[in-house]
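Okay, here's what each chain looks like letter by letter:
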Protein chains: 2
Amino acid sequence: VFATESEFVRWLQKQSAGRAKGLRLGIGDDAALIEAGRGRELILTADLTIEGVHFLPGIHPPRAVGHRALARSLSDIAAMGGTPRYALISLAISPRTTRAWLKEFYAGVFALARRFAVMVVGGDTAVVSGATSVDAMVVGEIPSGKAILRSGARPGDQLFVSGRLGLSALGLRSLRGGKNGKAATRENRNAARKAHLYPEPRCELGRFLGKRNLATALIDLSDGFSTDLARLCAASRVGACVEAAKIPALFPATPGGLSRDEALGLALNGGEDYELLFTVSPGKVSLVPREFHGVPLHQVGQICRLKQNLLILPAGNKVTLHSAGYDHFRKLD
Amino acid sequence: VFATESEFVRWLQKQSAGRAKGLRLGIGDDAALIEAGRGRELILTADLTIEGVHFLPGIHPPRAVGHRALARSLSDIAAMGGTPRYALISLAISPRTTRAWLKEFYAGVFALARRFAVMVVGGDTAVVSGATSVDAMVVGEIPSGKAILRSGARPGDQLFVSGRLGLSALGLRSLRGGKNGKAATRENRNAARKAHLYPEPRCELGRFLGKRNLATALIDLSDGFSTDLARLCAASRVGACVEAAKIPALFPATPGGLSRDEALGLALNGGEDYELLFTVSPGKVSLVPREFHGVPLHQVGQICRLKQNLLILPAGNKVTLHSAGYDHFRKLD
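Residues numbered from 1 in each chain as written. Chains lettered and ligands numbered in written order. Predicted model: local features only at pLDDT ≥ 70, side-chain atom pairs only at ≥ 80, totals over all residues. Heavy atoms only, no water.

1. Some words on the interface of chain B and chain A
Test applied: The criterion used for residue contact is that any of the two residues' heavy atoms lie within 4.5 Å. Throughout, the accessible surface (probe 1.4 Å) given up by two parts as they are put together, summed over both, is called the buried area. Any carboxyl oxygen of Asp or Glu within 4 Å of a side-chain nitrogen of Lys or Arg constitutes a salt bridge here. Any pair of N or O atoms that falls within 3.5 Å is considered a polar contact. Within protein, one atom must be able to donate a hydrogen and the other to accept it, and sequence-neighbouring residues count only if both atoms are side-chain atoms. Working definition: helices are DSSP H or I runs of at least four residues, strands are E runs of at least two. Numbering for both runs from the N terminus.
Counting residues at the interface gives 64 residues for chain B and 64 residues for chain A. Roughly 5,300 Å² of surface becomes buried between chain B and chain A when both sides are summed, with 71% attributable to carbon and sulfur atoms. At the boundary of chain B with chain A, the tally comes to 4 salt bridges. Arg72(B) serves as the salt-bridge partner of Asp124(A), at 3.6 Å between the closest nitrogen and oxygen. Our enumeration of links across chain B and chain A arrives at 8 residue pairs in polar contact (both at pLDDT 80 or more). Those elements that provide at least two residues to the side of chain B that touches chain A are α1 (5-15), β2 (32-37), β3 (40-50), β4 (83-93), α3 (99-115), β5 (119-122), β6 (125-127) and β7 (133-143) of chain B.

2. A few points about the side chain of Asp223(B)
All names here are of chain B. The following threshold applies: Only protein chains enter the area calculation, which uses a 1.4 Å probe; residues under 20% of their type maximum are buried, those over 50% are exposed, and those in between are partly exposed.
Its place among the elements puts Asp-223 in the loop between β9 (217-220) and α7 (225-236). Residue Asp-223 is classed as buried on the basis of its relative accessible area of 13%. Separated by 2.8 Å, the side chains of Asp-223 and Arg-231 make a polar contact.

3. Focus: the packing of aromatic side chains
Convention followed: For this analysis, a ring pair means two rings from Phe, Tyr or Trp (six-membered ring only for Trp) whose centres lie within 6.5 Å, classed as stacked if their planes differ by under 30 degrees, edge-to-face if by over 60, and tilted for the remaining angles.
Under the criterion given, the structure shown has 11 aromatic pairs over all chains. Centre to centre, the rings of Trp101(A) and Phe105(A) are 5.4 Å apart; their planes meet at 10°, and the pair counts as stacked. Of this pair, Trp101(A) and Phe105(A) both sit in helix α3 (residues 99-115), 4 residues apart, which is roughly one turn of the helix. Take Trp101(A): its relative accessible area is 19%, and that puts it in the buried class. One aromatic cluster is present, formed by Phe8(A), Trp101(B), Phe105(B), Tyr106(B) and Phe110(B) through successive ring pairs.

4. Focus: the confidence of the model for chain A
When pLDDT is low, close inspection of the predicted coordinates is not appropriate. For clarity, the threshold we go by: pLDDT measures how confident the predictor is about each residue, on a scale from 0 to 100.
In this model, chain A carries a mean pLDDT of 89, and residues with pLDDT of at least 70 account for 92%. This complex was scored by the predictor with a pTM of 0.90 and an ipTM of 0.87.

5. Remarks on the relation of the copies chain B and chain A
The condition is simple: A least-squares superposition brings the copies together, and it is based on the C-alpha atoms of residues with pLDDT no lower than 70 in both.
The two copies are related by a screw operation: chain B maps onto chain A through 180° of rotation and 0.0 Å of translation along the axis, at an RMSD of 0.0 Å. In symmetry terms, the pair is related by a two-fold rotation axis. Nearest to the rotation axis, the C-alpha of Gly130(B) is located 2.5 Å from it, this being the minimum over chain B. Taken as a fraction of all interface residues of chain B, those also at the interface in chain A reach 100%, which identifies the copy contact as same-surface.

6. Digging into the pattern of salt bridges
Per the counting criterion, the structure on display carries 26 salt bridges over all chains. Where Arg231(B) meets Asp223(B), a salt bridge forms, and the shortest distance between an N and an O atom there is 2.8 Å.

7. Digging into empty space enclosed by the protein
Cut-off, in case you're wondering: The distinction between a cavity and a pocket rests on a 1 Å grid over the protein atoms alone: a 1.4 Å probe fits inside a cavity but cannot get out, while a pocket stays open yet meets protein on both sides within 12 Å along at least five of seven lines, and a residue with an atom within 4 Å of a point counts as lining. Grid points are joined across faces, edges and corners, and a volume is the space filled by probe spheres set on the points. Note on residue categories: nonpolar means Ala, Val, Leu, Ile, Met, Phe, Trp, Tyr, Cys or Pro, charged means Asp, Glu, Lys or Arg, and polar means any other residue, Gly included.
Going through the model one piece at a time under the given rule, you end up with 4 cavities of 30 Å³ or more. As for the largest cavity, its lining consists of 13 residues, and the residues nearest its centre are Ala131(A), Ser133(A), Val128(B), Ala131(B) and Ser133(B). Partitioned by chemical class, the residues of the lining of the largest cavity number 8 nonpolar, 5 polar and no charged. Its volume calculated, the second largest cavity comes out at about 50 Å³. Residue lining of the second largest cavity: 13 residues in total, with Leu48(A), Ser133(A), Asp135(A), Leu48(B) and Ser133(B) positioned closest to the centre. Elements that contribute at least two residues to the lining of the second largest cavity include exactly β4 (83-93) and β7 (133-143) of chain A together with β4 and β7 of chain B.

If you want it as C-alpha cells, here you go:
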C-alpha cells in the first residue's frame, strides 16, 4: 500500500484539500479544528483500539481496554491544549464477547469519562467475525486561536517532555511475563503495569500550556518519542537535537532490572506513554515549571535547522535519531 | 451477551445517564444533540461498516464501500432534519488491502462528501489481522430545537415513507447472482444495484420536514422498515397500523421477477434503503407533497395506541408486524 503512515496522511491531505467554511485545521495534526462561534473552536479526533494490535486478550482486562480506548482520544485533545467534552464509542465485537466483558469495557470508558467530565453521547455497535475493535471519537473545545499545533516549533526553541518515558512499554513487558518483566522491583512493576493499563491523558497540562501561551508546538507521545518527535519536526519543518542524558528514562540501575541502554530504548521507542512533548521559545523557558500537578517536566533538547533529528549520547558523540516507534503501514507490503 | 440491540442500548443509556451541560439528546436516537450557541445545535453520529457484515469483497467495489460508509452517517443526520458538515473516517484495514483499494475507497468517500458539502477532517487508520472495518463519524448542525426525534409520534399521526422500499436488498441479491437476481429486467436490475451500492441519503428531505415543522417523529430506514418502525414506535410509546397495499414495494408483476409477496417482504425487512420514515399530525397531512425533488412520499399507515405494530393485508385481515430487519445482537449467544 503506502510505504509509511505519513506518506498515506500526505496523500489523504491532498485528497481532502480545499477550504471549507469554518475549518481551521484538517487532516494531519493530532486533531481537527472547527470554528464554533462565541470565541470557541471545536476539536475533533478519532482513534482506533484493536484487539491484537493495541490490546491482547488475557493481558488487557476489559476495563483497561475501555480506559485506553478513550484515553487515546482524550490525549489528542490534550495535545491541542483543549478540553474534551463529548465522546462517541463505536464497538465492533467478536462473537466470543461476553456480557461481562462488555460491562467491564464500558465501566472503564465511563469511569475515565466521568473523571474528565466527558459525556458519552453515542456510537455504533456491530458483531464481527474477526477481532474486536473500538473507535473512540471525542469532541473537545478551546478558545479560538489558542490551539497549539505540531507546526509551530522554531529553531532555538527548547524541547520539553512530561512524565517518565518507557513506563508503558515496560508495563506491557511485565504483563506478558517477558524480559525484565519479573526483574524489576514490585513497586516499579506495579507502577509500570498501571501506566500501561490505565494511562493518564495530560489534559490539564495541555490546557495550562495553551492558556499561558507557553508552547510553540505540542504533540502527545502515542507511538513513541522518536516517532512523535519526527512528526512534530516534520510539521514544523525543523530538526531537533536531543540529549540522551536528559531523557527521563526508567529506574536506572535497579538490580536485575533494565540496563541504562534498555531504559533509553524504551523511553525513545516504547510508545503509549501519552505524555506531552512540547517546544518553548527561549524567552519563555524560565516560565516552565519543574513539575505540574506532580508530573515532572524535563527539558531534553532543542530545535535546530537540521533536516534530521540527532541524539547526543552521554559520551558526546551524535547519532541520527530514527523513528523506531509504531507505524501501522510498516506491516503492509 | 444482550438478547437484542435495544436491550443493549437501554443498558447503555442507564450507564450514561445524568445530565451534562449542553447535552440535548444522548444515546438512543439516530444521533446525539449538543447545544452549540448562536441558536444552533450540533448533531453527532457514528456508524460502522464492516467487511463480511455490511460489505463483501468481490461484491462491493471499494468506491461503493466508501460511499456506503459515509452515507450511513449522513442518513442519520437526515433523520434528525439536520445538515451534515464534517466527517471523521476511521479505517481498520486487513493486510491484504491494496493501494488501489484504498484510493478507490476514499474516492467514494470524497465524492459523496463533496456532493453534500461535507468536509472530511480526520479519522484514524490501523492495520488489523481480520476483516476491514470503517467507522464514519459525522458532525452536523441544526437550528436549536428544530431536530426531529424518534419520540414525537402521537396516536392519530399519519405514517409516511419516502422512495421505494426493498430496492437495496434486491440489488444485493442481484449482485450476488441469487434468486430473482437475473430475472428482473435489466433496467430494474441496474436501478436496484445502484440503490444498493450508492444509496442517496435524504438530507434535503429531512431538512424540509424540519424547517416546515411537518414531522412529529422521524427515523431513517437502515435496518429495514419493520425494525426501524418498531424503534420509532418504542421511542414514542405508541403502535402503528400499516397498510400492506400502500407500501411502495418493488416493480409488481415483472414477468419472471418478484412475486407480490416477495416484493412486500423485501420492502418490510430488506434494510439499507436509507429512505425516511416519518409521522405527521392529522392537521398537517395536506401539507405533505406527493413528491419531493423527484422522490415520492407515500402515506402507508397511521399511529395508534397499540402495544404492537399491525400490518393490514390486502384482504383486510390484520397480522402482527414483527421486526425482521437486521439486529446485530441476534447473532450472539
